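What the coordinates show
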Amino acid sequence: MRNTKQDQQEDSLKRAMEFRKVIVLLLATVVLDNRCAATFTCPVDCRCRANMLSENSVQCIVGGWTSLPPGLDTTVRYLYVSGRPSNQNNFNSLDKTYFQTTPGLLAVTFTFSKIKTIQDGSFSSLNNLRDLDLSNNEIQGLSKNSFSGLSQLRTLDISGNKECQVDKSMFSTILNIEELNMGNMNLRKIPQGMFDSLTKLKVLKLHLNNIKKVRENLITGLPSLTSLDLNGNFLRGIPAEWKPNFKTMNQVHLSENPLQCNCQLLWLRELPRKFYSSSFDTSHIVCNGPDKVKYATFTNVPEEEFVCIPPKVVRCEKNVYSTELGDMIVIKCAYRGDPIPEIKWTRPDGFEIDGTETVKGRYEIFENGTLVINGITLADDGNWKVTAYNKTTSDEKDIQVKVIVTTTSTSTQPTTTLTTTKSTTTVSTTKPVAFTTLSSTKTPIELTENTPVVKPWITTPRDTEGGVHDKGEAVYSEVGINWGLLVAAAAGGATLVSVIFLLATCCKKKQENNDNNQVEPFELDIIK
């Protein structure tokens, strides 16, 4: 009996002690809540909640904010600020000042907030941040230092930033990230080596990015990857190098891609049957080609139908292109093959252009293989080679490019100069003068009985046998002095020459009379 009463007393005592503990905890909760309420005031239009450790979470979803809500302090651990598609926030830019009063944040969400720029080091004070959501903003670019300081970051969501220019080293400072969402960013292609440092990455989302091709090593260096989302892109094939990764993954989403069910995709059929379950959503994959299996469900196409057609350069628009130095040319060719072959061009010196990059904008390869050469140089002169290839075979064709180098020369029209000298009158040709000059000396003319009648010569171009003129060679023309002076007087229009012409005519007439009448020449009378 004593033992029974004693046991009952002990049980009552234990229950009393437990009740006291509950009361103490309740009182502590009330005290902490009151203490929190006394030190932190929830911003207007926001909802706030505090836990037992006085850690506050703030949620502001009404939209219209142009900066962080006022009153945030060191007790805030979770900050959620989001607008709506119809009523967005307008933050414009993030910098270090945004988080000066909230260094203890563990999670930050800024969505529909029209963030355009993120200055380097904006998050450098948030050493404990684990989750960052910047989705559905207008971020224009992300650099190597955009996320510096976030050494503890585990999840990052930048999806919906459709005009964002990404740097391939932008993740080099967040090596511990496990989940990355880059969906709906209109990336088109993934920079080489972008994910190489993310060895702890488990979830990668790249859906709705208009990606047409993925590199063979895109995920091969991600040993921890368990989920991959490539839905809604323009992929025509999946690299066979991904097969080891797929064997260890739980989810792969490939639907809504124009996949070609050819020999290069057959490896996917070789995976264990479990990969055809909904987790790999292959039941929703529809073949976009070849024509024989177009629109057929991937799992329903017989293996013997997964065939390939070798690449072929069918023809080119021209075999020879002639162009001048500095000009632009466009070289078009037609190709065939399944899968659609890759195209590369080889310059005469062996330099290869495969379309992954341009050389200072000089060379561009369009998706259809068309080559554009801007600013032709002598390095482009010679035989080019275009190659259509896939992983197993190739075909090529030579194209000749002739670069024309033109030299400019300045030519002047020959001009005629009439010069009257002491004893003779000549018509001569000079090259450098651009106009006709008529000049005369002031030396008086002495005419004697022995003064000969001068027959003028005219310098004219003479045709050679090859049809080319030998400029400057004199060709003498038997022209009487009267007619020569008359032409010179008419062309020059000089009064002096006209006087000389009249004197010469009179002299000639008088000389004839003297010869007949034996009279002293009239010219001598004039001179005297």
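Before any of the text, the structure's been laid out above.
In what follows, the accompanying structure is described. (Residues numbered from 1 in each chain as written. Predicted model: local features only at pLDDT ≥ 70, side-chain atom pairs only at ≥ 80, totals over all residues. Heavy atoms only, no water.)

1. Regarding the environment of Val313
To keep it simple, the criterion reads: We count a stretch as a helix when DSSP gives it H or I for four or more residues in a row; a strand needs E for two or more, and each element gets its number in order from the N terminus. In this description, contact between two residues means that some pair of their heavy atoms is separated by no more than 4.5 Å.
Considering the arrangement of structural elements, one finds Val313 in strand β15 (residues 309-316). Residues in contact with Val313, not counting those within four places in the same chain, are Ala334, Tyr335, Val386, Ala388, Asp395, Glu396 and Lys397.

2. Focus: the pairing of strand β2 (residues 56-60)
What counts, and what does not: The cut-offs for exposure are 20% and 50% of the maximum accessible area for each residue type, with area from a 1.4 Å probe on protein chains only; residues under the lower value are buried, those over the upper are exposed, and the others partly exposed. Note on pairing: two strands pair once DSSP finds at least 2 bridges between them.
Residues Asn56, Val58 and Cys60 line the buried face of β2, whereas the alternating positions Ser57 and Gln59 sit on a face that is not buried. Bridge analysis of strand β1 (residues 47-50) against β2 gives four bridges, and the strand direction is antiparallel. Each bridged residue has a counterpart across the sheet, and for Arg49 the counterpart in β2 is Ser57. Two strands pair when backbone bridges link them, and β2 and strand β3 (residues 76-82) are joined in this way by five bridges, in the parallel orientation. When the bridges of β3 are listed, Cys60 appears paired with Val81.

3. Quick look at the sheet that holds strand β5 (residues 107-111)
Two strands in a sheet stick together by hydrogen bonds in their backbones, pointing the same way (parallel) or opposite ways (antiparallel). The condition is simple: Axis lines are fitted through C-alpha atoms, for helices just across the contact stretch, and the angle between N-to-C directions can take any value from 0 to 180 degrees.
Pairing in this open sheet of ten strands is mixed, and the strands run β1-β2-β3-β5-β7-β9-β11-β12-β13-β14 from one edge to the other. Edge positions in the sheet fall to β1 and β14 (251-253), since each of these pairs with one other strand and no more. On average, each strand axis in the sheet is tilted by 5° relative to the strand beside it, whichever way the strands run. Here β5 runs beside strand β7 (residues 131-133); their pairing, made up of three bridges, is parallel. Of the residues in β7, the one forming a bridge with Val108 is Leu132.

4. Structural notes on the environment of Trp65
Topologically, Trp65 is positioned in the loop between β2 and β3. Spatially, the C-alpha atoms of Trp65 and Gly83 are 8.0 Å apart, while their sequence positions differ by 18 residues. Leaving out residues up to four positions away in the same chain, Trp65 has contacts with Val44, Asp45, Cys46, Cys60, Pro70, Val81, Asn89, Asn90 and Phe91.

5. Quick look at the sheet that holds strand β21 (residues 363-365)
The sheet built from three strands is open, its strands ordered β17-β22-β21 with antiparallel pairing. Each edge of the sheet is formed by a strand with only one pairing partner; in this case those strands are β17 (329-331) and β21. On average, each strand axis in the sheet is tilted by 15° relative to the strand beside it, whichever way the strands run. Of the pairings in the sheet, the one linking β21 to strand β22 (residues 371-373) comprises three bridges and is antiparallel in character.

6. Describing the pattern of salt bridges
To keep things clear, this is the line we draw: Here a salt bridge means any side-chain nitrogen of Lys or Arg lying within 4 Å of a carboxyl oxygen belonging to Asp or Glu.
Taken as a whole and assessed by the stated rule, the structure comprises twelve salt bridges. Residue Lys213 pairs with Glu342 through a salt bridge whose shortest N-O separation is 3.2 Å. Taken together, the positions of Lys213 in the loop between β12 (203-205) and β13 (227-229) and Glu342 in strand β19 (residues 342-346) put the pair 129 residues apart, joining distant regions of the chain. The exposure class assigned to Lys213 is partly exposed, which follows from its relative accessible area of 48%. On the basis of relative accessible area, Glu342 is assigned to the partly exposed category, the value being 31%. In this structure, the salt-bridge partner of Lys243 is Glu270, at a minimum N-O distance of 3.1 Å. With Lys243 in helix α2 (residues 243-248) and Glu270 in the loop between α3 (266-269) and β15, the pair connects residues that are 27 residues apart, well separated along the chain.

7. With respect to the packing of aromatic side chains
Put simply, the rule reads: Between 30 and 60 degrees the pair is tilted, below 30 it is stacked and above 60 it is edge-to-face, where a pair is any two Phe, Tyr or Trp rings, Trp via its six-membered ring, whose centres lie within 6.5 Å. Only when the NZ atom of a Lys or the CZ atom of an Arg is both within 6 Å of the ring centre and within 35 degrees of the ring normal do we say a charge sits over the ring.
Under the criterion given, the structure shown has eleven aromatic pairs. Residues Phe99 and Phe123 carry aromatic rings whose centres are separated by 5.6 Å and whose planes lie at 35° to one another, so their mutual orientation is tilted. Of this pair, Phe99 sits in the loop between β4 (92-94) and β5 while Phe123 sits in the loop between β6 (115-118) and β7; the two residues are 24 residues apart in sequence, bridging distant segments of the chain. Using a relative accessible area of 0% as the deciding quantity, one classes Phe99 as buried. Both rings, one in Phe298 and one in Phe306, keep their centres 5.8 Å apart while their planes meet at 80°; by these two values the pair is edge-to-face. Across the pair, Phe306 and Phe298 agree in class, each one buried. By the ring-pair criterion, three or more aromatic residues cluster together here, those being Phe91, Tyr98, Phe99, Phe110, Phe123 and Phe147. Directly above the ring of Phe298 sits Arg269, whose terminal nitrogen or CZ lies 5.9 Å from the centroid. Taking NZ or CZ as reference, Lys344 lies 5.6 Å from the ring centre of Tyr389, over its face.

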